[in-house]
Amino acid sequence: MIATITLISGLFTLVMVLALVLPSINSPTVPFGVRVPAGHADDPTVVRQTRLYRRRVLLSGIVVAVAGAIVYEVTGETLLLPLPLLVLVGIWYGCFFLANHGIRAAKAAGNWFEGLRQGIAVDTALRTDPQPFPLLWLAPALIITTATVVIGVITYPSMPEMLTMHYGANGVSDRLAAKSVGTAFSLVFLQVGLTALLVGIAVAIYRSHPDIDPAHPLGSSRWYRRYMSLGIKALLGLVAMIDLGMLGLSLLMWTGTVTPWAPLIVALPILAAVVVAVVVLARNNRERDAGEQDTGLTHRDDDKNWHGGLFYINPDDPALMVPRRFGLGWALNFGNPRAAMLLAGVLALISVVITLRLNS
């Protein structure tokens, strides 16, 4: 139980910190996902909405944390432990949406783009002279996945006849199933599927197009190349840690080991990789001014493609992934038919694993 509470508390703290610092590490020309000219990046409306956003997130987070602790103390129901985290994420988006709406309204009322020369910058060298894909960073995930499969095949004959399919919040087995290929290797199937899915996303990021600042195209392009490389490496590192967690949980199942620390065996490697990825991307999430002369151009006002400030829908854009406006990393282009195929693949993978683990 202590392990689960520690894990949930750590995740809650991480989300709170990330929510509070994101406005400072995002590009100043897209505050809360709204495209604004550089001359309005410090507009009083932007400053006010940022202050209100942080105040709302902080106060709401404190209230949710206290309420969650009280509810758990009264009910003792472990299933309610993740609820404060889910509520916090929902409130986070609500605070973001209010700030997004306020800045959009001010931009429209003030005609912030009126009289400005809007333009697009393209780095053709990303296609003619692309950076090499960091294949070496994929090796740990492949090695761990292969090791999991080999260990499973070797130890299958000596596995217990009844295998643990689920651990409760206290680390005690609360669901068993008879040994079979489906039950014994259900986590391996999940591991292989997740590895393939996340590597596919890394490839999509590699093929994505950058959002280059037309005012400083050379510096912006150099920054994006570095940021893309760091993002892919961080994602592949996360894949390896997910595989490591799956290997640890599989070993517990295959050996019949029961421990109250079971949730942490899976969660700690993944959480560590997430923290590292967040720190690395956050430190490099904003373009560095290299003293390049301003071209006099500004970004196009393309807010119409960003619904709710977070969801990119543009059927005319062939890219599957695009740089995220608010937050870290990249976002799916939901206007691309391949996005629906990707989501369908995720649902299919989840359905297969659930079927194997529940019906066996």
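Residues numbered from 1 in each chain as written. Predicted model: local features only at pLDDT ≥ 70, side-chain atom pairs only at ≥ 80, totals over all residues. Heavy atoms only, no water.

Considering the packing of aromatic side chains
Phase 1 of the analysis: Taken as a whole and assessed by the stated rule, the structure comprises 16 aromatic pairs.
Phase 2 of the analysis: For the ring pair Y93 and F97, a centre distance of 6.3 Å and an interplane angle of 35° mean the geometry is tilted. Note that Y93 and F97 are positioned in helix α3 (residues 83-110) at a spacing of four residues, about one turn of the helix.
Phase 3 of the analysis: For Y93, a relative accessible area of 30% puts it in the partly exposed group.
Phase 4 of the analysis: Here F97 falls in the partly exposed class, since its relative accessible area comes to 37%.
Phase 5 of the analysis: Geometrically, the ring pair formed by W306 and Y312 is tilted, given 4.9 Å between the ring centres and 50° between the ring planes. Accessibility assignment for this pair places W306 and Y312 in one class, buried.
Phase 6 of the analysis: Taken together, F32, Y53, Y93, F96, F97 and F326 form an aromatic cluster joined through their ring pairs.
Phase 7 of the analysis: The ring of Y156 has K179 sitting right over it, with the charged end atom 4.9 Å from the ring centre. (Phe/Tyr/Trp six-rings, centres within 6.5 Å; stacked < 30°, edge-to-face > 60°. Helix = DSSP H or I, 4+ residues; strand = E, 2+ residues; numbered from the N terminus. Buried < 20%, exposed > 50% of the residue type's maximum accessible area, 1.4 Å probe, protein only. Lys NZ or Arg CZ within 6 Å of the ring centre and 35° of its normal.)

With respect to the nonpolar core
Phase 1 of the analysis: Core analysis: the largest hydrophobic core is formed by 76 residues, its most contacted members being Y53, W92, I201, I205, M321, F326 and L328.
Phase 2 of the analysis: Tallying contributions element by element places helix α8 (residues 217-255) first for this core, with 17 residues.
Phase 3 of the analysis: Sequence-distant contacts of L328, defined by excluding residues within four places in its chain, comprise L18, L22, I25, Y227, V278, L281, A282 and N285.
Phase 4 of the analysis: Ranked by size, the runner-up nonpolar core spans five residues in total, among them Y312, A319, V322 and A331. (Core = buried A, V, L, I, M, F, W, Y, C linked by side-chain atoms within 4.5 Å. Contact = heavy atoms within 4.5 Å.)

Let's talk about the pattern of salt bridges
Phase 1 of the analysis: Enumeration according to the criterion identifies eight salt bridges in this entry.
Phase 2 of the analysis: Here K107 makes a salt bridge to D303, at a shortest N to O gap of 2.4 Å. Within this pair, whereas K107 is found in helix α3, its partner D303 is found in the loop between β4 (298-299) and β5 (306-307), the two being separated by 196 residues in sequence.
Phase 3 of the analysis: According to the relative accessible area criterion, D303 is buried, its value standing at 7%.
Phase 4 of the analysis: The salt bridge involving K179 is made with E161; its shortest N-O contact spans 3.7 Å. Here E161 lies in the loop between α5 (139-155) and β2 (162-167) and K179 lies in the loop between β3 (173-178) and α6 (181-184), a separation of 18 residues in the sequence. (Salt bridge = Lys/Arg side-chain N within 4 Å of Asp/Glu carboxyl O.)

Notes on unusual backbone geometry
Phase 1 of the analysis: Unusually for a residue other than glycine, F32 sits at a positive phi of about 55°.
Phase 2 of the analysis: With respect to the helices and strands, the residue F32 is situated in the loop between α1 (2-25) and α2 (44-75).
Phase 3 of the analysis: Classification of F32 by relative accessible area gives buried; the value is 3%.
Phase 4 of the analysis: Residues other than glycine seldom take positive phi values, yet N111 does so here, at roughly 50°.
Phase 5 of the analysis: In this structure N111 comes out as partly exposed when scored by relative accessible area, which is 46%.

Examining α8
Phase 1 of the analysis: Under the 1.5 Å per step criterion, the end-to-end length of α8 is 57 Å for 39 residues, consistent within 8% with the ideal 57 Å.
Phase 2 of the analysis: Extensive coverage of α8 is indicated by the burial of 29 of its 39 residues.
Phase 3 of the analysis: Looking one or two places after α8, you find G256, whose phi comes out positive at around 70°. (Expected span 1.5 Å × (residues − 1).)

Let's talk about α2
Phase 1 of the analysis: With 32 residues, α2 ought to run about 46 Å at 1.5 Å a step, and its terminal C-alpha atoms sit 46 Å apart, in line with that.
Phase 2 of the analysis: Among the residues of α2, T45, V46, Q49, T50, Y53, V57, G61, V64 and G68 are the ones counted as buried.
Phase 3 of the analysis: Its side-chain oxygen at 2.9 Å from the backbone nitrogen of T45, D43 defines the N-terminal cap of α2.
Phase 4 of the analysis: At the exit of α2 stands G76, carrying a positive phi of roughly 65°. (Polar contact = N/O pair within 3.5 Å; in protein donor to acceptor, adjacent residues only side chain to side chain.)

Some details on the environment of E161
Phase 1 of the analysis: Classification of E161 as exposed rests on a relative accessible area of 56%.
Phase 2 of the analysis: Considering only alpha carbons, one finds E161 and K179, 18 residues apart in sequence, at a separation of 5.1 Å.
Phase 3 of the analysis: Not counting chain neighbours up to four residues away, the residues in contact with E161 comprise A177, A178 and K179.

Thoughts on a nonpolar patch on the surface
Phase 1 of the analysis: A cluster of nonpolar side chains, contributed by L58, I62, V66, I70 and V74, occupies part of the molecular surface with about 470 Å² of accessible area.
Phase 2 of the analysis: The residue L58 is located in helix α2 in this model.
Phase 3 of the analysis: Classification of L58 as partly exposed rests on a relative accessible area of 40%. (Patch = residues over 30% accessible without salt bridge, like charges linked within 9 Å, V, L, I, M, F, W, Y side chains within 5 Å. Areas by Shrake-Rupley, 256 points an atom, 1.4 Å probe, with all protein chains shown as cover.)

Some thoughts on the side chain of T195
Phase 1 of the analysis: As for its placement among the helices and strands, T195 is situated in helix α7 (residues 186-206).
Phase 2 of the analysis: A distance of 2.8 Å separates a polar atom in the side chain of T195 from a polar atom in the side chain of D243.
Phase 3 of the analysis: Not counting the four nearest positions on each side in its chain, T195 is found in contact with T145, V239 and D243.

This is a description of form; function is not addressed.
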